[in-house]
Amino acid sequence: METEVEMEMETDASRRWSNATEPWPDYLEPSDREQYRRYRKRQSYGSSFLSREKSPIHRLEGRVLYDEKEASLYPSPTLFLEDIKQEVESFDAGGLEASPGRHTSSMKKKGTYSDKKSPQFEDRLGTGTQSLHPFLKTAKEEADEISDSGETTFARFASILDSSLQGFISFPDLILQFENTCREVSELLREEATGRHRVIEDRFMRQKAQMLLDEAATWSLLWYLFGKGIEDNLGDIIVSPSTSQQEVRDFVMLDHTAQLCLRVVQWLEDLASKAVDFDKKVKGWYTGSYLHKSGVWHQTQRLLRKKSGSSMLVHHLDFDAPTREQARIHPEDQKQEQALLEDVWVLLRAGRLKEACDLCRSAGQAWRAATLCGNGGYDACPSIEALRKMGKNRTLQAIELESGLGYQRRLWKWSCYCASESACWALVKSWLDIQVDLELVRLQQSKSEQIKNNGAEPDGNDALGDLSMEGSSGPDVWPRQVLDQQPRDIQTLFQKLHSGDLVPEAVCRGCKEQHRQIEMNLMVGDVSHLLDLLRAWITPPSNDNTGSRPHGHPQMIRFGAHLVLVLRHILPDDVKDAFQEKLQLIGDLILNTYAIFLFTQRREELVGVYASQLAPYLCVELYVHMMELRLNDSVHVKYKIFRSAMEYLPFFPGEASKGCVSEILDRVLMRSREVKPSTRHVKTEDPGEQHREGCLEKATTVQWLCFTPPSTISDSELVKAELLARALQHSNILFREFALISIWRTTKMPVGAHMLLSYLAEPLKQPTELLLSLEHHNVSENLKEFQDWREYYACDALYRNWLKIEMDNEDVSPIELSSEEREKAAVAARQALNASLSLLERKYTPWLTGIQDMPQDTIEGEWLELDGIAMFRLSSGDCLQPDATACTALTSALYACAGELATERQLSVDISICTGDEYCINVVLRCTALKGDGIGPCTAEDGGLLASVMAAAFKGELEHFEEGVALEVFQLDASYINKEGFREAPAKFIVQGLCRRCCIPELILRCMQIRISLADLPDGVHQFHNELVELIASPDSGLHRLFSQQQLQEFLLLEREFCIRSMEAEEESSIDATSY
């Protein structure tokens, strides 16, 4: 198995397809290449191996010998064995490019591949990212921790694709850039895998390099099949009468099979040509680098002169002598002849006919060059390039006027057919030649019949041409059995390639590889089966319960995503009609998988390029999923996701083919308020703490709305204002929920609310003119409510600060309490009391009394609905798990709380256990709307009927229900419902009134509590004597309507205690004054 892996790593893409000969080993020096090719065995190569004086390992005739003296140089046996293992593995892998420095490097501490990349390697990889999108370019520096060593490949491909999607480059050019990128990175990986790393790392790099090389071959084929256009404007080089080149060109343009064969031949030749260039660039030698006249039989000549050769030696030196005399030339000359033929074959397979002919001439075999380059030395390939290269040359025209069409290079065509049993290129090439020859025969016969029908006698030349063609159209040109063996279509060709007895095993094995299967499907045109293969290799199986986590190789996932996008844009519409839906569905699945892979690799900045090509619903789901998973990450990471969405997706809905940012943000905000499935609410935990964690997560979601959009997008200022308006609107919703949760008198701050205030502090410092011009978000009303909440939470924070100081002081004996600590408590109390009184005493703009105007033509019979998710909380702070009995009791208690209005307003109450959390319940209240409570201007500042019913539940004062049990809200919404039962608009006045009913009485009771602590101070009695009592008793304020019966009782008790403490303080003060 290891041998097969190493063979695959050493064989490039072109050799896998078409080379039937054994490739030269990479470790050979230029001077040793000829010797290896002749004798096919390894010699000692000096600097290519470790020096015998420095290494304990000697290589001789394939054996490994152990030197005890040199082994003693190692500090430990472990290092000695490790060095042996490295050398053996490297020798088996063909990677014998080791240097003397490798011996000492084995003693160093082993690190990961990412730690050992050379600076030159990183610099050369970085050069390919100069054209990156500015955001993609800056984010490249963060990928050092990525496990995949080809991380820069992802950024380079994303940059190239982005340029094409924006219209800067065409998709055919995009394919060529993909190919070049794969080759560049593959070359860099090959250079890096030269023994500088551990054996496993080198092998991993070689495998990756080979995979990228295979991918480059696939991109090249895609360009030849679909990216390379057909040029038909050749008026400047057309001659009359037409030559075989012109006729063949017309035939290939019209015949689909011939056109496909031509493009496949050109593709294979291009791959082989690039392999030759790579050898010349990297290995220092190239095909055809021979001594002058190396094709002349020098040794045979020497023996013939001495007349000392064997009887089997040829007696003449012409090239037909071995065949005619059935003899052989000297073995040394035979080896040089074989080497020459091998290189001629490589050059021909690479489409370099001129170089092959020059090689034959320089080797002294001009006759061989003549057999190769018929047509007067011009390329006979039926392509436009060959026709342009030939131009208006009259040589071919004169030849064919003399002898007829298509009589050139028949010997060469026959040789290609004979070699086609063992080489893919020759197989396709011979098939193309046969199609072309048959077409030329048909044209010649048609021309002869036309002349006969017209009654004209052909001249001598025409008669000769006709006679020659009659003879050539028979078995002498292409025997019948040869024609019968030719494939009828491309599928038959692949079957022959797979099942041929003479096809090398390496070629058969290569046909089973992933990229070979992709290429065969592309040539066949079976895109549907290709998509099925990509889905099987990339996406998880249907029975995988781990979700959509990628399970394929990272490079294959990347390739599949880009291949799908290229096919969508480059295939003609008439071709895509047969599999349009499948290309869309499976393509989206592969793109989504690659986007998730990039996300898991911390390449969030690259996701937007591919998410923008997904179906809108998938794009939205992808970003919602990413934002939820990165919610608690650093601001920098979250901003990468935000910016990628802003730059590649439209903000406002309108473009049907893409998801929009506004929909993504709406989904994120909506899902953040949902109750997640959890079993965390157990009696041993503090429910309040769990609530605060949930509030923090909800508040953190608003940060997505507080980021500044990039200035490069269109209408960036408008988008910025839109984001801030949404942030204000959603923050007010959360402020209401957080306030209802935090009415308990504890020292723990409502962290969620204060986090919201911190997020919006900086954006609200900017000019608000554009913000206030937005009409659809009621910005001015939301801004006023935000300011009210900011003031309320400032009072709340001051109160909790005072309470914390007071509780700390209670732990200390009054005698031991210092005057500084007493003064600190008094200052905190005055601050909290002053802030609260300032909020309560507002006359013209009472706290949280915004007016929501409804249309005057609102029909009667519309409904109001208040729905929320809550839990039962005991007075001790523990949570109570609901059951059917508790739900039924709560339903009855809420209905009874409304009294007679329950019947008049058609009140309905629905209580059920939440499916997401067994400790939560769904509460839905609905009643008809009346004037002043849902219809027209909503003058009821207390929230109406629904708010009064829910306030009793939140305060734990429901009659006919378990005493001391209150509702604690997680999510709360109010809406207008039409007659059909659909929600029309939010009825936020209900929730605002509910907050007034719960927050203002609690705020006043807190002030009463603070007053009691100030009663002992000399100025505490006079400063806050009757202000709160007068405020509640005033009919103008209407605050008494917000209190429940129990709250009023608590207020009176606190007032009574304040009066007693005040009188006691006055008595003590008078006694002290009398004593003095």
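Residues numbered from 1 in each chain as written. Predicted model: local features only at pLDDT ≥ 70, side-chain atom pairs only at ≥ 80, totals over all residues. Heavy atoms only, no water.

Asker: Could you clarify how one ought to interpret the pattern of salt bridges in this entry?
Answerer: It is possible for side chains bearing opposite charge to pair when their charged atoms get close. Applying the stated criterion across every chain, the model contains 53 salt bridges. We note a salt bridge from R726 to E722, for which the minimum N-O separation is 3.3 Å. Of this pair, R726 and E722 both sit in helix α40 (residues 716–741), four residues apart, roughly one helical turn. In this structure R726 comes out as buried when scored by relative accessible area, which is 13%. The class for E722 is buried, based on a relative accessible area of 2%. (Salt bridge = Lys/Arg side-chain N within 4 Å of Asp/Glu carboxyl O. Helix = DSSP H or I, 4+ residues; strand = E, 2+ residues; numbered from the N terminus. Buried < 20%, exposed > 50% of the residue type's maximum accessible area, 1.4 Å probe, protein only.)

Asker: Please explain helix α36 (residues 635–648) as it appears in this structure.
Answerer: In an α-helix there are 3.6 residues to a turn, and that puts residues three or four apart on one side. With 14 residues, α36 extends 20 Å between its outermost C-alpha atoms, agreeing within 8% with the 20 Å of an ideal straight helix rising 1.5 Å per residue. Counted residue by residue, α36 has eleven buried out of 14 residues, so it is predominantly covered. Along α36, the residues that are buried comprise V637, K638, K640, I641, F642, R643, S644, A645, M646, E647 and Y648. (Expected span 1.5 Å × (residues − 1).)

Asker: Teacher, can you tell me more about the packing of aromatic side chains here?
Answerer: Within a pair of aromatic rings, the relevant descriptors are the distance that separates the centres and the angle that separates the planes. Per the stated rule, a full pass over the model turns up 26 aromatic pairs. Pairing F157 with F178 gives two aromatic rings, centres 4.6 Å apart and planes at 25°, and the pair type is stacked. Here F157 is found in helix α10 (residues 151–165), whereas its partner F178 is found in helix α11 (residues 171–192), with 21 residues between them in sequence. The buried category is assigned to F157, whose relative accessible area is 0%. The structure contains a cluster of three or more aromatic residues connected by ring pairs, namely F735, F786, W789, Y792, Y793 and W847. One residue, R558, lies across the ring of F157, its end atom 4.2 Å from the ring centre. Note that K638 overlies the ring of W704, its terminal NZ or CZ placed 5.9 Å from the centroid. (Phe/Tyr/Trp six-rings, centres within 6.5 Å; stacked < 30°, edge-to-face > 60°. Lys NZ or Arg CZ within 6 Å of the ring centre and 35° of its normal.)

Asker: Would you mind going over helix α33 (residues 580–600) with me for this structure?
Answerer: Compared with an ideal rise of 1.5 Å per residue, which puts 21 residues at 30 Å, α33 spans 30 Å between its outermost C-alpha atoms and is within 8% of the ideal. Once α33 finishes, R602 follows within two positions and takes phi at roughly 65°, a positive value.

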